[in-house]
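Structural overview
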Amino acid sequence: GESRTVNRLEVLDIVEFPVLERVPEGFQRENWRLQPDGRWRITGRATCTDLEKYVDRRPGLWIDGYRSNPGGHNRIPLEKTEELITSLRLLSAESVTLVVYRKSNGRRYVDACFRHAGQYYRLRVTDPVYEERYMARRDGEYRLGGCYLTISLGEKFRDEDTGMDYCYKLVAAVIERDKVQN
């Protein structure tokens, strides 16, 4: 198909852009330095077939066993991230439930609950489209069904209750299967 100049990127856009060099930093080995004046072009849209090629089927999400309330295996102690070699994973979940809730600090959040390789996860959603859409709804649970999830490992964050530094596992993109072309 014909490519077009980028005005705004959306999840599933296939994009060509010029890079200068790899710039891995800690566990974020996927980082690249982009050519500052380079032209970005959208060359297509990813399909389910495309996504299936990249789904990570390895068990666990990096290192499991650490959680905050109400998270499920949602964080990793900072010192343990030294053993990691990636900060992004694409998963395929048979069923995803979004939970919209208010914490004791008064702030509202959206979490994604799903199973991967037999393990239960409850991770914060940072996908701006889904976060905005579900924050506009009442607190509660919303079942999405099958989804592809881009999981990102965030930057260092201090848990004020424990005084320890953690990196949190975040749902950076939610892609509902029934909304993607085969």
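The sections below set out a description of the structure shown in this document.

What counts, and at which threshold
Residues numbered from 1 in each chain as written. Predicted model: local features only at pLDDT ≥ 70, side-chain atom pairs only at ≥ 80, totals over all residues. Heavy atoms only, no water. Salt bridge = Lys/Arg side-chain N within 4 Å of Asp/Glu carboxyl O. Helix = DSSP H or I, 4+ residues; strand = E, 2+ residues; numbered from the N terminus. Buried < 20%, exposed > 50% of the residue type's maximum accessible area, 1.4 Å probe, protein only. Core = buried A, V, L, I, M, F, W, Y, C linked by side-chain atoms within 4.5 Å. Contact = heavy atoms within 4.5 Å. Polar contact = N/O pair within 3.5 Å; in protein donor to acceptor, adjacent residues only side chain to side chain. Pairing = 2+ DSSP bridges. Phe/Tyr/Trp six-rings, centres within 6.5 Å; stacked < 30°, edge-to-face > 60°. Lys NZ or Arg CZ within 6 Å of the ring centre and 35° of its normal.

1. A short note on the pattern of salt bridges
- For the structure on display, the rule yields 16 salt bridges.
- Its salt-bridge partner being Arg45, residue Glu10 comes within 3.9 Å of it at the nearest N-O pair. One end of the pair, Glu10, is in the loop between strand E1 (4-5) and strand E2 (13-16); the other, Arg45, is in strand E5 (residues 41-45), with 35 residues separating them in the sequence.
- Where Lys169 meets Asp64, a salt bridge forms, and the shortest distance between an N and an O atom there is 2.8 Å. Within this pair, whereas Lys169 is found in strand E11 (residues 164-176), its partner Asp64 is found in the loop between helix H1 (48-54) and strand E6 (75-77), the two being separated by 105 residues in sequence.
- Among the residues examined, Lys169 registers a relative accessible area of 1% and is labelled buried.
- On the accessibility criterion, Asp64 (23% relative accessible area) is partly exposed.
- Members of the salt-bridge network, linked through shared partners, are Arg8, Glu10, Asp13 and Arg45.

2. Here we look at unusual backbone geometry
- Between Asn69 and the following residue, Pro70, the backbone shows a cis peptide bond with an omega angle of 5 degrees.
- Within the fold, Pro70 resides in the loop between H1 and E6.
- Look at Leu12: it is not a glycine, yet its phi comes out positive at around 90 degrees.
- Within the secondary structure, Leu12 is located in the loop between E1 and E2.
- Within the chain, His73 stands out as a residue other than glycine whose phi angle is a positive 50 degrees.
- Structurally, His73 can be placed in the loop between H1 and E6.

3. Focus on the nonpolar core
- Grouped together as the largest cluster of nonpolar side chains are 28 residues, with contacts concentrated most on Val96, Leu98, Phe114, Leu149, Ile151 and Val171.
- Of all elements in the fold, only strand E7 (88-102), strand E8 (108-116), strand E9 (119-125), helix H2 (128-135), strand E10 (140-159) and E11 reach the threshold of two or more residues within this core.
- When residues of this core are assigned to their parent elements, the largest contribution, six residues, is made by E10.
- Aside from chain neighbours lying at most four places away, what touches Ile151 is Leu61, Trp62, Ser87, Leu88, Arg89, Leu91, Phe114, Leu123, Lys169, Leu170 and Val171.
- The next biggest cluster of nonpolar side chains, apart from the first, holds nine residues, and it includes Ala46, Leu51, Val55 and Ile175.

4. Some details on the side chain of His73
- A distance of 2.9 Å separates a polar side-chain atom of His73 from the backbone nitrogen of Gly65.
- At 3.0 Å, the side chain of His73 and the side chain of Gln119 are in polar contact.
- Once you skip the residues sitting within four places of it in the chain, His73 turns out to touch Asp64, Gly65, Tyr66, Arg67, Gln119, Tyr120, Tyr121, Leu123 and Lys169.

5. What about the pairing of E10?
- Pairing geometry for E7 and E10, over 11 bridges, is antiparallel. Directly across from Val99, in E10, lies its bridge partner Glu141.
- Examined bridge by bridge, E10 and E11 share 11 bridges and lie antiparallel to one another. Across the sheet, residue Cys147 finds its bridge partner in E11, namely Glu176.
- Linking two consecutive strands that pair antiparallel, namely E10 and E11, is a turn of four residues; a positive phi of about 75 degrees is found at Gly163 within it.

6. Notes on the packing of aromatic side chains
- In the structure shown here, the tally under the stated rule is seven aromatic pairs.
- When the centroid spacing of 4.7 Å and the interplanar angle of 25 degrees are considered together, the rings of Phe17 and Trp40 count as stacked. One end of the pair, Phe17, is in the loop between E2 and strand E3 (19-22); the other, Trp40, is in the loop between strand E4 (32-34) and E5, with 23 residues separating them in the sequence.
- The structure contains a cluster of three or more aromatic residues connected by ring pairs, namely Tyr130, Tyr134 and Tyr142.
- A cation sits over an aromatic face here: Arg137 above Tyr142, 5.2 Å from the ring centre.
- A cation over a ring is seen here: Arg177 above Tyr148, with NZ or CZ 5.4 Å from the ring centre.

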